[in-house]
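# Summary of the model geometry
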Amino acid sequence: MEKWWKKSVFYQIYPRSFQDSNKDGIGDLPGIIKRLPYLKKLGIKGIWLSPVFKSPNVDNGYDVSDYCSIMPEFGTMRDMEQLINEAKKLNIRIIMDLVLNHTSNEHIWFKKALAGDKKYKNYYIFKDGSKDYAPNDIKSFFGGSAWEYVPTLKQYYFHLFAKEQPDLNWDNPQVREEAWNIMRFWKEKGVGGFRLDVIELIGKVPEDLIIGDGPMLHPYLQEMHENVLKGTDLVTIGETGSVTPLTAPLYTSPNRQELSMVFQFQHMALDEIAGKSKWDLKDLNITELKTVLSKWQTDLPMDAWNSLFWSNHDQPRILSRWGDEDYPEQSGKMLAILIHMMRGTPFIYQGEEIGMVNQNIDDVSELNDLESINFYNEQVALGKSKKDILVSINTKGRDNARTPMQWSEDKFAGFSDVKPWYPVNKNLKKINVAAALKDPNSIFYTYQKLIQLRNENNIILYGTYTLLHTEETIFAYTREYNEEEWLVCGNFSNKSQKFVLPKAVKKTILSNYNKIYNDKLLTLEPYETFVVSLVANKE
Ligand code: ISL
Ligand code: CA
């Protein structure tokens, strides 16, 4: 039987911003339980739950201080068990987001390490160095050196993210055993699997300047499989920033016994200047987008598996980014259709299904995310204009994705009865779940339909993919499987354009303009996107 996660669509929840249930302005687990029927209606089969473990929240939960207890703000272990069980009743599995590359500096292991305990020092990466000279020049992804000096030890420790996120030493077998135990703990609780944060970094060799894709990465993943995953149907989604269609099979081919799928970002880098940082903006080139997404469809071997997504908690809102806020329904549905008709497992990020957009800010004081704050301070120190810095942050900053979920037109969007931890987007009256559910033409129902189509049509899972040669701003491809052929076509522009179908239409499957397609020569309206099955050559 086919793996359940190949046919499923996943939904990512950022718990802090999803639903508050106890009037403290912070999303929580009982809030998620309350919203399960909504997710059932959408049709998803799995929830990627961003971290809910105990954490001092320097990086909003991606700095874990105890992997086997729940952050009190989010609820209790009992709430967590209830969430797992209530979801299971609706045939929805909970996927835990494990951050095993690093811990919080408040984890007991790190506290002991700092106190000089030898065993726990070897859980992390400590290196000799003098106060003025770090062991080498490796930089943290969040700015500054990746080495932090500890005067009491006269040593540096290594952190690829914030200094409050010390990297674990995966070369220590005791660390790996701790990781397997954490995974076993959650397996026992009945979760559906794991999303593995920055997993490609665990084989790092800092002294040789190797960060991603280190020599022991795959052996460690095979060890994980052997110790935790073997014989189960747990899904594992590996966050792998630098994977390519050629290296993805190393992670995901079943005979490798590693992970279920990769989660890769090649398309997400297309609006930054190559070789520079995410903050160095350039306009999206649609030809490049088509090339990158198509390459993953055609070059990934049949037995390997990729995920499909436009957004997550680290990315700006896709409707603001590559859609068109002047045509929210049309462009939102276009984006949804184009990605959901591809091969792979789709992920919807909370609010994407109702067309939530970026929230622009006017002042640095409105920021929450440490990545943006560090970037701002760094650039100000370099003498850059504050206005320009804010343009980058408003376009790419992670806070855009983290504003509270908009459930209704109530004062705080039905997210909470009190002022939320982070402000709700000002457009809440227009964009909210209640309005979307009332409107049969809303983006929500297109996502619902796409999920249904995936459940019912193997062509979406297995069909071969061919990109059609078209005008730059038309994104058209076919899928073929067992005598069946589907055409997916989107007008990626706000202008009307001509398009000629390669063959006659057998049946209209989906259209964001509710049209039925008969003619071969079409005039597509702004963002018009459709799926049709085509008449076979011999018919
Ligand atoms: O967010 C990014 C760029 O803005 C990415 O480079 C991100 O840092 C990278 O994808 C790793 O992300 C994951 O690990 C981080 C955490 O901050 C992210 O939220 C998480 O998704 C450290 O744990
Ligand atoms: Ca709460």
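What comes next concerns the included structure. (Residues numbered from 1 in each chain as written. Chains lettered and ligands numbered in written order. Predicted model: local features only at pLDDT ≥ 70, side-chain atom pairs only at ≥ 80, totals over all residues. Heavy atoms only, no water.)

What follows deals with the overall build of the protein. Regarding its fold elements, the protein presents 17 helices and 20 strands. Relative to the globule expectation of 24 Å for 539 residues, the C-alpha radius of gyration of the protein, 23 Å, shows essentially globular dimensions. Relative to its full complement of 539 residues, the protein shows a buried share of 60%. For the protein, long-range pairs separated by at least 24 residues make up 68% of all intrachain contacts whose partners lie at least 6 apart in sequence. If the 65 positive side-chain charges of the protein are averaged to one point and the 71 negative ones to another, these points end up 3 Å apart. (Helix = DSSP H or I, 4+ residues; strand = E, 2+ residues; numbered from the N terminus. Rg over C-alpha atoms; globule rule 2.2 N^0.38 Å. Buried < 20%, exposed > 50% of the residue type's maximum accessible area, 1.4 Å probe, protein only. Contact = heavy atoms within 4.5 Å. Lys, Arg positive; Asp, Glu negative; His and termini not counted. Charge placed at Lys NZ, Arg CZ, Asp CG, Glu CD.)

In total, this model carries 37 aromatic pairs according to the counting rule given. Where Trp279 meets Phe375, the ring centres are 4.4 Å apart and the plane angle is 15 degrees; that geometry is what we call stacked. Residue Trp279 is found in the loop between strand 11 (261-263) and helix 10 (286-299), and its partner Phe375 is found in helix 13 (residues 370-381); the two are separated by 96 residues along the sequence. Of the two residues examined, Trp279 and Phe375, each falls in the buried class. By way of ring pairs, the aromatic residues Trp4, Phe10, Trp48, Phe263, Phe265, Phe309 and Phe347 are connected into one cluster. (Phe/Tyr/Trp six-rings, centres within 6.5 Å; stacked < 30°, edge-to-face > 60°.)

Okay, the packing of helix 7 (residues 173-189) against helix 8 (residues 217-229) next. Relative orientation of the contacting elements helix 7 and helix 8 amounts to 40 degrees, with a least axis distance of 10 Å. On the basis of their axis angle, the class for helix 7 and helix 8 is oblique. Relative to helix 8, helix 7 is oriented so that their crossing is right-handed. Residues Arg176, Trp180, Met183, Arg184 and Lys187 of helix 7 pack against Tyr220, Glu223, Met224, Asn227 and Val228 of helix 8. Residue composition of the contact of helix 7 with helix 8, by class: five nonpolar, one polar and four charged. (Axes fitted to C-alpha atoms, helices over the stretch in contact; angles between N-to-C directions. Parallel < 35°, antiparallel > 145°, perpendicular 65-115°, else oblique. Left-handed = near helix turned anticlockwise from the far one by under 90°. Nonpolar A, V, L, I, M, F, W, Y, C, P; charged D, E, K, R; others polar.)

This next bit is on the sheet that holds strand 8 (residues 155-158). Overall, antiparallel pairing links the three strands, which are arranged 6-8-7 in an open sheet. Both edges of this open sheet fall to strand 6 (126-128) and strand 7 (147-150), since each of them pairs with a single strand only. Sheet twist, expressed as the average angle between the axes of neighbouring strands with direction ignored, equals 35 degrees. Taken together, the four bridges between strand 7 and strand 8 define a ladder with antiparallel strand orientation. What sits directly across from Trp147, in strand 8, is Phe158. (Pairing = 2+ DSSP bridges.)

Turning our eyes to something else, we now look at the coordination of the calcium ion (ligand 2). Around the calcium ion (ligand 2), the protein contributes the donor atoms Asp20 (OD), Asn22 (OD1), Asp24 (OD), Ile26 (O) and Asp28 (OD), at 2.2 to 2.3 Å from the metal centre. One chain supplies every donor for the calcium ion (ligand 2), spaced along it as D-x1-N-x1-D-x1-I-x1-D. (Donors = N, O, S within 2.8 Å, 3.2 Å for Na, K, Ca; no water.)

Among the 16 residues in the neighbourhood of ligand 1, the closest are listed as Asp59, Asp197, Glu239, Lys278 and Asp314. Between Asp314 and ligand 1, the recorded distance is 2.5 Å, taken from a side-chain N or O atom to an oxygen atom. A distance of 3.0 Å separates an oxygen atom of ligand 1 from a polar atom in the side chain of Arg398. If ligand 1 stood free it would expose 490 Å²; the protein chains cover 88% of that surface. The pocket occupied by ligand 1, as judged from atoms lying within 2 Å of grid points, is the largest pocket. Its residues placed into classes, the shell around ligand 1 shows four nonpolar, three polar and nine charged. (Near = heavy atom within 4 Å. Polar contact = N/O pair within 3.5 Å; in protein donor to acceptor, adjacent residues only side chain to side chain. Areas by Shrake-Rupley, 256 points an atom, 1.4 Å probe, with all protein chains shown as cover. 1 Å grid on protein atoms, 1.4 Å probe; cavity = no way out; pocket = protein on both sides within 12 Å on 5 of 7 lines; lining within 4 Å. Sits in = over half its atoms within 2 Å of the grid points.)

In this section: the layout of surface pockets. Rolled over the atoms, a probe with the dimensions of a water molecule shows which regions are left empty. By volume, the largest pocket amounts to about 1100 Å³. Lining the largest pocket are 38 residues; nearest its centre among them are Phe141, Phe142, Phe161, Lys278 and Glu371. With five residues, helix 13 is the largest single contributor of residues to the lining of the largest pocket. One number sums up the size of the second largest pocket: a volume of about 370 Å³. Considering the residues around the second largest pocket, the lining is formed by 21 residues, among which Lys3, Trp5, His225, Leu259 and Ser260 are closest to the centre. (Points joined across faces, edges and corners; volume = space filled by probe spheres on them.)

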